[in-house]
Amino acid sequence: MTELERRANEMRVDIVRMIAEAGSGHPGGSLSCADILCALYFGGVLEHDPERPDWEERDRFILAKGHAAPALYAVLAEAGYFPREELLTLRKLGTRLQGHPDSNQLPGVEVSTGSLGQGLSIAAGAAAGLELDGKPQAVFALLGDGECQEGQVWEAAMFAAHRGLDNLVAIVDRNGLQIDGCTADVCDPGDMRAKFEAFGWDVHEVDGHDIPVLVKTLAAAKADRSGRPHAVIARTVKGKGVSFMENQAGWHGKAPNGEQTKEALAELAGRTGEEVGRD
């Protein structure tokens, strides 16, 4: 197991633990995007500084699929934006770790998200603002594939291409499931590569759990300033890393019980040969 794979695995441990402690949350889509966030934050792609969350030279990351907040909290804690012990306060009274990210409460959260469909518009606006100011930073947005059923996503896609926002990278967590079942059955988003290409985007499709490929693809998209926004369609498995959650729509928004938590943590620990999780 590489260092990045180990970190992604530990993020999954934290995701399971915090959702189990809270008794509510969204494990499926949080687990599916852990490798993507690990590649961004620890693969040398995203310019960021935990000591200076408001550093002007930082790249921006926007979690459009705000219900996957546990994954964002896990990567921010892993990076040192706040103490890991705070993860176990998820969704509790008075916590900074709300069920959806709150930029007024937690360092490292660029914008409050949760209403699906809005994140790409916000990211496109941020990218346009950076361009107008002549700044070189990039903006990354992580969308759910179910979220791409929202019309506002495609309005933002049209705007970004029209403005030639080549400092914008949209990542789609293409796990094929949403709260009501398969995306293909609920409202089929179809060929997402063809859709983004039709809107004038540069598009790449990758294995969303292959961290080296993710790092290479995201870094290349960030560096490519040839006049088109970039979309990375990341094929993932909902609930990745916990076998009984994998490819099960029922784990979209349900916390594991005590026995399920033990089973999940033991499985994750077995990948590293370590004790279950960290202190």
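This is a predicted model, so every value here is computed, not measured.

Reading guide: rules and limits
- Residues numbered from 1 in each chain as written.
- Predicted model: local features only at pLDDT ≥ 70, side-chain atom pairs only at ≥ 80, totals over all residues.
- Heavy atoms only, no water.
- Salt bridge = Lys/Arg side-chain N within 4 Å of Asp/Glu carboxyl O.
- Helix = DSSP H or I, 4+ residues; strand = E, 2+ residues; numbered from the N terminus.
- Buried < 20%, exposed > 50% of the residue type's maximum accessible area, 1.4 Å probe, protein only.
- Pairing = 2+ DSSP bridges.
- Right-handed = clockwise from strand over helix to strand, strands pointing away.
- Polar contact = N/O pair within 3.5 Å; in protein donor to acceptor, adjacent residues only side chain to side chain.
- Contact = heavy atoms within 4.5 Å.
- UniProt positions renumbered as here; feature names shortened; annotations may be inferred.

Q: Is there a simple way to think about the pattern of salt bridges in this case?
A: Side chains that carry opposite charge are capable of pairing whenever their charged atoms lie near each other. Considering all chains together, one arrives at 17 salt bridges under this definition. Notably, a salt bridge pairs lysine 65 with aspartate 173, separated by 2.7 Å at the nearest N-O pair. Taken as a pair, lysine 65 in the loop between β1 (60-63) and α4 (69-79) and aspartate 173 in strand β3 (residues 168-174) lie far apart in primary sequence, 108 residues in all. Neither lysine 65 nor aspartate 173 differs from the other in exposure class; each is buried. In this structure, the salt-bridge partner of arginine 193 is glutamate 197, at a minimum N-O distance of 3.1 Å. With arginine 193 and glutamate 197 both in helix α8 (residues 192-198) and four residues apart, the pair spans about one turn of that helix. With relative accessibility at 30%, the residue arginine 193 sits in the partly exposed group. Residues joined by salt bridges that share partners form a network here, namely Arg193, Glu197 and Glu205.

Q: Before we go on, may I ask you to explain the environment of glycine 181 in this structure?
A: Within the fold, glycine 181 resides in strand β5 (residues 181-182). Judged by its relative accessible area of 14%, glycine 181 falls in the buried class. Taking the C-alpha atoms as reference, glycine 181 lies 14 Å from methionine 245; in sequence the two are 64 residues apart.

Q: Explanation requested: helix α3 (residues 34-42) in the structure shown.
A: The periodicity of an α-helix, 3.6 residues per turn, causes residues three or four positions apart to be oriented the same way. Taken across its nine residues, α3 has nine buried, putting it largely inside the fold. Where α3 is concerned, the buried positions are Ala34, Asp35, Ile36, Leu37, Cys38, Ala39, Leu40, Tyr41 and Phe42. Downstream of α3 by a residue or two, glycine 44 has a phi angle that is positive, lying close to 80 degrees.

Q: Can you help me understand the pairing of strand β2 (residues 139-144) in this one?
A: Counting buried positions along β2 yields six of six residues, so the element is predominantly enclosed. Because side chains alternate across β2, one face comprises the buried residues Val139, Ala141 and Leu143, and the other comprises Phe140, Leu142 and Gly144, equally buried. Relative to β2, β1 runs parallel, the two being bridged by four bridges. Pairing of phenylalanine 61 across the sheet is with phenylalanine 140, part of β2. As paired elements, β2 and β3 share six bridges and run parallel to each other. Along β3, the bridge assignment pairs alanine 141 with alanine 170. Remark: the β2/helix α6 (residues 151-162)/β3 crossover connection has right-handed handedness.

Q: Is there a simple way to think about the side chain of aspartate 59 in this case?
A: Examined against the element boundaries, aspartate 59 turns out to sit in the loop between α3 and β1. For aspartate 59, the side chain forms a polar contact with the side chain of lysine 222, separated by 2.6 Å. Residues within four places of aspartate 59 in sequence aside, it is in contact with Val45, Leu46, Glu47, Glu110, Gln137, Ala138 and Lys222.

Q: Just checking my understanding: could you explain the side chain of aspartate 49 for this structure?
A: With respect to the helices and strands, the residue aspartate 49 is situated in the loop between α3 and β1. At 2.8 Å, the side chain of aspartate 49 and the side chain of arginine 52 are in polar contact. When near neighbours in sequence (up to four residues on either side) are disregarded, aspartate 49 contacts Trp55 and Tyr81.

Q: Before we go on, may I ask you to explain the UniProt feature "domain: Transketolase N-terminal" (unreviewed entry) in the protein in this structure?
A: The UniProt feature table records "domain: Transketolase N-terminal" (unreviewed entry) at residues 7-263. Strand forms 13% of residues 7-263 and helix 39%; the C-alpha atoms that close the span are 20 Å apart.

Q: Quick question: what am I supposed to make of the pairing of β3 here?
A: The buried fraction of β3 amounts to six of the seven residues, a majority that puts the element mostly inside the structure. Of the pairings in the sheet, the one linking β3 to strand β7 (residues 230-235) comprises six bridges and is parallel in character. From the neighbouring strand, valine 169 faces β7, where its bridge partner is histidine 230.

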